[in-house]
Amino acid sequence: MTDTLAYMRNFIRDKNVASITPTSPFGVKRVCRNIDFDCGDLIVEYGPGTGVFTNYLLKNMKSGSRLILIERNKNFDSILKRTIQDPRVVIFNDSAENVLETLRSCQESQADYIVSGIPFLLLNCLLKEKILYNTHRALKKGGKFLVYQTCFQADHHLKVHLERFFPSVHTKFEVRNIPPLRIYEAIK
Ligand SMILES: C[S@@+](CC[C@H](N)C(=O)[O-])C[C@H]1O[C@@H](n2cnc3c(N)ncnc32)[C@H](O)[C@@H]1O
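For clarity, every value in this text was computed on a predicted model and none was experimentally measured. Counting of residues starts from 1 at the beginning of each chain's written sequence and follows it residue by residue. It should be noted that, the model being predicted, local features are given only for residues of pLDDT at least 70 and side-chain atom pairs only at 80 or more, the latter also being counted only at that level, while totals for whole chains, interfaces and linings use all residues. In computing side-chain properties, one takes all heavy atoms of the structure into account and sets aside hydrogens as well as water.

(A) Expanded view of the pattern of salt bridges. Salt bridge, as applied in this entry: a Lys or Arg side-chain nitrogen positioned within 4 Å of an Asp or Glu carboxyl oxygen. By the definition in use, this model includes eleven salt bridges. When the shortest N-O distance is used, the salt bridge between Arg30 and Glu174 registers 3.3 Å. Pair noted here: Arg30 is in helix α2 (residues 25–32) and Glu174 is in strand β6 (residues 168–174), with a separation of 144 residues, a long-range link. We classify Glu174 as buried; its relative accessible area is 2%. Because the salt bridges share partners, they merge into one network encompassing Arg30, Glu174 and Arg176. By the criteria applied, helices consist of DSSP H or I runs no shorter than four residues and strands consist of E runs no shorter than two, each listed in order from the N terminus. Classification of residues uses two cut-offs on accessible area relative to the type maximum, computed with a 1.4 Å probe and protein chains only: under 20% is buried, over 50% is exposed, and between them is partly exposed.

(B) Molecular detail of the environment of Asp86. Within the fold, Asp86 resides in the loop between α4 (74–83) and β3 (89–93). For Asp86 and Val147, which are 61 residues apart along the polypeptide, the C-alpha to C-alpha distance reads 24 Å.

(C) Quick peek at the nonpolar core. By nonpolar core we mean a set of buried residues, namely Ala, Val, Leu, Ile, Met, Phe, Trp, Tyr and Cys, connected to one another through side-chain atoms within 4.5 Å. In terms of nonpolar packing, the biggest core is built from 29 residues, with Val44, Tyr46, Phe120, Phe145 and Leu162 touching the most fellow members. Going through the elements one at a time, β1 (42–46), β2 (66–71), α5 (99–105), β4 (111–116), α6 (125–138), β5 (139–150), α7 (159–165) and β7 (181–187) are the ones with two or more residues in this core. Here this core gets four residues from one element, more than from any other, and that element is α6. Residues within four places of Leu162 in sequence aside, it is in contact with Leu132, Phe145, Val169, Tyr184 and Ala186. If you look at the next biggest cluster of nonpolar residues, it comprises 22 residues, including Val31, Phe37, Phe53 and Ile84. Contacts were defined at the residue level, with two residues in contact if any of their heavy atoms lie within 4.5 Å.

(D) Highlighting the sheet that holds β1. Paired strands, in this sense, are two strands between which DSSP finds at least two bridges. The strand order across the open sheet formed by seven strands is β3-β2-β1-β4-β5-β7-β6, and the pairing between neighbours is mixed. Two strands in the sheet have a free side with no partner beyond their single neighbour: β3 and β6. Neighbour to neighbour, the strand axes of the sheet diverge by 15 degrees on average, direction disregarded. Sheet analysis places β1 next to β2, joined by five bridges and oriented parallel. Residue pairing across strands places Val44 opposite Ile68, the latter belonging to β2. To define axes, lines are fitted to C-alpha atoms, for helices over the stretch in contact only, and angles between the resulting N-to-C directions are given on a 0 to 180 degree scale. Its contacts with the sheet put α2 on β4, β5, β6 and β7, and the angle it makes with β6 is roughly 160 degrees. Contacting β1, β4 and β5, α6 crosses the sheet at an angle of about 140 degrees to β5.

(E) Quick look at a nonpolar patch on the surface. Where nonpolar side chains cluster on the molecular surface, the patch consists of Leu5, Met8, Phe11, Ile12 and Ile20 and spans about 470 Å² of accessible area. Its relative accessible area of 38% is what places Met8 among the partly exposed residues. Candidate patch residues must exceed 30% relative accessible area and have no salt bridge, after which like charges are joined if within 9 Å and Val, Leu, Ile, Met, Phe, Trp or Tyr side chains if within 5 Å. Here the open area of atoms and residues is found with the Shrake-Rupley method and a 1.4 Å probe, where only the protein chains shown may cover a residue.

(F) Quick look at the site of the ligand. Any residue with a heavy atom lying within 4 Å of a molecule or strand is counted as near it. Residues in contact with the ligand amount to 23 residues; listed here are only the nearest, Thr23, Gly47, Glu71, Ser95 and Tyr148. One of the backbone nitrogen or oxygen atoms of Gly47 is found 2.8 Å away from a nitrogen atom of the ligand. Within the complex, 97% of the 600 Å² of free accessible area of the ligand lies under protein. Side-chain atoms alone can form a polar contact between residues adjacent in sequence; in general such a contact is a pair of N or O atoms within 3.5 Å, and within protein one must be able to donate a hydrogen while the other accepts it.

(G) Molecular detail of the packing of α2 against helix α3 (residues 52–60). Orientation of α2 relative to α3, taken along the N-to-C sense of each, is 55 degrees, at an axis distance of 10 Å. Between α2 and α3, the angle is such that the two are oblique. Considering how the two elements wind past one another, α2 and α3 form a crossing that is right-handed. For the pair α2 and α3, the contacting residues are Gly27, Val28, Lys29, Val31 and Cys32 in the first and Val52, Phe53, Tyr56 and Leu57 in the second. Roughly parallel refers to an angle under 35 degrees, roughly antiparallel to one over 145, roughly perpendicular to one between 65 and 115, and oblique to any angle outside these ranges. For a crossing to be left-handed, the near helix must be turned anticlockwise from the far one by less than a right angle; the clockwise case is right-handed.

(H) Expanded view of the state of the cysteines. Any two cysteine sulfur atoms lying within 2.5 Å of each other are counted as a disulfide. On inspection of all chains with the given rule, the structure shows zero disulfides. No disulfide involves Cys39; its sulfur sits 15 Å from the nearest other cysteine sulfur, which is in Cys32. A residue is classified by how much of its surface remains accessible, and Cys39, at 45% relative accessible area, is partly exposed. Free cysteine Cys106: the closest other cysteine sulfur is in Cys32, separated by 20 Å. The class of Cys106 is buried, set by a relative accessible area of 5%.

In short, shape yes, function no, at least from these values alone.
Printed below as a string of structure tokens:
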């Protein structure tokens, strides 16, 4: 409930929040089903919001692994910094296209997984291109870019763009979310 209030407040002021409620536990589990937590030493999350994915990831990640959060909205960044107290986590108030610099500042080069809830539908072509290009470079070979979007997205909004960068792209739907989700698994 507190999370939903935070989303509503921030949604009014920031169109990039793009949701008035956090992803449901069903949605979170469905996206994270694509993660092998025994191998995921470094995970990056774009757009954690109030941290519904973050908390699930931390519950399942090994003790020696690392989670880097990149959240553009200042209010969500403050909430995350206040509520997530885990030595495996680093939080950046930044935008996803700067992922390579973020990794460098953490003395890391490439991630095993990047999980993203940022609204690709609202991004201009240049920014979409930059985020996909840098995300591809930020992943290890075999690494996965896991994206969840609203189900209203057609292939030309994201799937065809992912296919230009990633050799393998699968999509599926999760209806137990408001609104239902379209989930993408892009493998480098
Ligand atoms: C649809 S919400 C998802 C929030 C949360 N992960 C969830 O599942 O409920 C999108 C989130 O992406 C953030 N965001 C939007 N554009 C971003 C960008 N370019 N870089 C990083 N975060 C971004 C928003 O501030 C918001 O927190």
